Number of protein chains: 2
Amino acid sequence: MKNLLKVAEKVSYKKLSDNYLFSEIRQKTSSFKDADGREILDLSIGDIAYALPPSSVNAMKKAAEEMGDNARKRGYSPENGYPFLLNAIASYYKNLGVKIDTDEILVGDGTKSDISLFPDIFDRSNELIAEPCYPVYKDAALMRGNKLYSVCGNKQNGFLPEPDGIEKKPYVITLCSPNNPTGSAFDKEKLKKWVDFALETGSLILYDAAYSAFSGDGAVKTVFSVKNADECAVEFCSFSKFAGFTGIRCSWFVVPEKIKLSGGKTLLSLVKRKRSATFNGVSYVTQRGAEAALSFKGRKECEILIKKYLSAANKLKDFFSKTNLFFTGGDNCPYLWIECPNTKNSFEFFENLLVKTAVVCTPGVGFGNAGEGYFRLSAFQKEDTVNEVLNRFSSSDIFKDSTSGVLSKN
Amino acid sequence: MKNLLKVAEKVSYKKLSDNYLFSEIRQKTSSFKDADGREILDLSIGDIAYALPPSSVNAMKKAAEEMGDNARKRGYSPENGYPFLLNAIASYYKNLGVKIDTDEILVGDGTKSDISLFPDIFDRSNELIAEPCYPVYKDAALMRGNKLYSVCGNKQNGFLPEPDGIEKKPYVITLCSPNNPTGSAFDKEKLKKWVDFALETGSLILYDAAYSAFSGDGAVKTVFSVKNADECAVEFCSFSKFAGFTGIRCSWFVVPEKIKLSGGKTLLSLVKRKRSATFNGVSYVTQRGAEAALSFKGRKECEILIKKYLSAANKLKDFFSKTNLFFTGGDNCPYLWIECPNTKNSFEFFENLLVKTAVVCTPGVGFGNAGEGYFRLSAFQKEDTVNEVLNRFSSSDIFKDSTSGVLSKN
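Residues numbered from 1 in each chain as written. Chains lettered and ligands numbered in written order. Predicted model: local features only at pLDDT ≥ 70, side-chain atom pairs only at ≥ 80, totals over all residues. Heavy atoms only, no water.

Undergrad: Hey, could you go over the interface of chain A and chain B for me, with residue numbers and the actual values?
TA: On the chain B side, the residues contacting the 86 residues of chain A number 86 residues. Among the residues chain A hides against chain B, the three largest losses belong to L5(A), Y76(A) and R273(A). Together they make up 10% of the total. Summed over the shared surface of chain A and chain B, the result is 10 salt bridges. With a shortest N-O distance of 3.2 Å, D139(A) and R273(B) are connected by a salt bridge. Taken together, chain A and chain B are joined by 37 residue pairs in polar contact (both at pLDDT 80 or more). The set of elements that each furnish at least two residues to the side of chain A that touches chain B consists of α2 (54-67), α4 (111-116), α5 (135-143), α6 (188-201), α7 (267-278) and α8 (284-293) of chain A. Residue composition of the side of chain A that touches chain B, by class: 38 nonpolar, 20 polar and 28 charged. (Contact = heavy atoms within 4.5 Å. Buried area = accessible area lost by both parts, 1.4 Å probe. Salt bridge = Lys/Arg side-chain N within 4 Å of Asp/Glu carboxyl O. Polar contact = N/O pair within 3.5 Å; in protein donor to acceptor, adjacent residues only side chain to side chain. Helix = DSSP H or I, 4+ residues; strand = E, 2+ residues; numbered from the N terminus. Nonpolar A, V, L, I, M, F, W, Y, C, P; charged D, E, K, R; others polar.)

Printed below as a string of structure tokens:
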């Protein structure tokens, strides 16, 4: 047997848990066999239930065909995206009443990759993370060895933590709204508190708006609708959810030209410099599909998808409204975030739910300690699936003690 | 005007030059107007001149169509690639006489992204880079603050540096063969010296084989054909060049299960852990296109492309063979690496060549100081383009002093 390499693992890696949450759930789920032979209904991952918008599919087919023609084929994409897509994204913001220059937009292959670029750019930064949160925020910061601070969502603040009482120093703050996992969303007034805190402390906000297309009237659709956010915030968006691109991979983020680090360089120039050394752009075929999703016709098609997912969320919401369990979400984002009945151990609840109903949820603790005692259900599901899930919930005893008796009569 | 953020740029970023080489050349080139109105012929970037193989185009169209069908659409890809593509890649290795398990293969969106994962995994690693090299190797290591060592190619070693005389300690060694920029390629005997050095010192080799599909009979096609390389080497490959995927983005790398770091963990587990937090897989459409490129029919189609590019390289080689300039490459890779005539300043030569012939080359210094005094020509060109380039070379005086007089008579 061979000797070990004399190269050592980075110290900061040891702080990571060994398995990434979703992989762990996938493993537990795939080894599970339901005693009654029921199909496993997986509401743990926010993956798509419906096909892509026809406009995007047609655009991708056409683009693939171009790639097969010597006169029309395309080589390397401009690193940060083709002008046709950058223009479509700038128009998206214009429709929201916000002016963004195409130079400030960077097209990527997913918010996960885009966000993970950031902790690496700053010198010994303090990372302030609103928990519970998408585990990637923490992983990326921990792997780079940055110092982590957190501010917690809870029942009292409706899982929308505010900056009051946080020690005033410069942070890199990660916020997500509409929120994964809690489905809650900032209104303008609450988000303004964060922007003001960032401006006061010289902090930077990384604002994950991957679910903004689902947000209703009261919720903020872009951080840049808050005054002066373009002096302290970067916004991340994704085609994954509203256009069904989870398997196609396209995202964008906006780094306002105005933001300068204390060394005097613009954040935009540093981000572009880093990307030029680590990324070669997004597939032309994908970019054409994304452009089509933002076209007039494409947006109408996406709206149909959005309505379907929000209607599924609404059904779940109706169910839990009849329980005495605290929950958030469902209105501005197809996630529901629900108090575990009869236990504070969310992994135990996950296993219990699986055994009793063959339904897979995400245990809240996977989104940080602030998520313990809760679970997440994804409503990125077909109507039939949600109906069947609710049948199983009603006929099992898992939510029985939490109801007023209405459900157990069914 | 707004105050600066109080968040500072990472110290190690200051070691980077401000502009990435290729962006700089692009800028100089795009602002250039030829006095005689000739079309600018760009031989500076290794981008494709021909369309993609028909098999890949058809597979991508079919895959896009699947994405438009509720019953056949795909959501998130398995993070490290679909089994159909992993199997195709394992077969590729089997044809080279090497056994690779599908678990050891990771599909990515480009060798640039794949390689840049690595410096980040190791604790204060010593990076040993064979120069001249693709600037990304250095950038990625510098950005992470790792210590850089280099070993240089030169006229004497034919731009194939050997490990003799290097201080014996554990490094992360980056090698590229067939080489970008020099076009030179290791034979088994020379590469074995590096593998033996790595085994002796507990070092890891990152082996960039992005151009291996172009390599001729004497050259190594995979590092794993060298005995025990699977105990110390990771191999990177790309569809960009042999299948024309520069605008589609697909790559793979192999991390042998056997490789363990000094902490005892396998390198494979660390790489997968890192990827799970920073990457969401490659587009299904792209993966189907890549699978098709490795099919029997696809490989035949790729061979046609490969022959065309090598034939273009051969024409350039013939020209420079008639000069007294030292050069490498052209046989195992469509790059030529040529001594600058009459100057040691490769940027000066680049500008001189542009003004005199409206042909764009890459100045060698962009690939590190070891590249100074040389320039690179990319033969990823159509035949007509190369013919026109050679006409201009012959009719200008730029290579005149370097010839035996044959060319200037034309």
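Undergrad: So what's going on with empty space enclosed by the protein? Residues and values would help.
TA: It is the rolling of a water-molecule-sized probe over the atoms that shows where space remains empty. With the rule as written, the count across this model stands at seven cavities of 30 Å³ or more. When its volume is computed, the largest cavity comes out at roughly 350 Å³. As for the largest cavity, its lining consists of 21 residues, of which S113(A), S116(A), T278(A), S113(B) and T278(B) are closest to the centre. Among the secondary structure elements, those contributing two or more residues to the lining of the largest cavity are α4 and α7 of chain A together with α4 (111-116) and α7 (267-278) of chain B. Per-class residue counts for the lining of the largest cavity are four nonpolar, seven polar and 10 charged. Within this model, the second largest cavity holds a volume of roughly 110 Å³. Lining the second largest cavity are 14 residues, and of these D109(A), R249(A), S283(A), D109(B) and S283(B) sit closest to its centre. Split by residue class, the lining of the second largest cavity holds four nonpolar, six polar and four charged. (1 Å grid on protein atoms, 1.4 Å probe; cavity = no way out; pocket = protein on both sides within 12 Å on 5 of 7 lines; lining within 4 Å. Points joined across faces, edges and corners; volume = space filled by probe spheres on them.)

Undergrad: Quick rundown of the sheet that holds strand β13 (residues 374-378) of chain A? Include the residues and the values.
TA: Residue and element names in this part refer to chain A. On the basis of which strands lie adjacent, the open sheet formed by four strands has the order β9-β10-β13-β12 and antiparallel pairing. Each end of this open sheet is capped by a strand with a single partner; those strands are β9 (327-329) and β12 (362-363). Alignment of strand β10 (residues 335-339) against β13, held across five bridges, turns out to be antiparallel. Looking across to β13, one finds that W337 is bridged to R376. Contacts from helix α9 (residues 296-321) reach β9, β10 and β13 within the one sheet, and its direction differs from that of β10 by about 15 degrees. (Pairing = 2+ DSSP bridges. Axes fitted to C-alpha atoms, helices over the stretch in contact; angles between N-to-C directions.)

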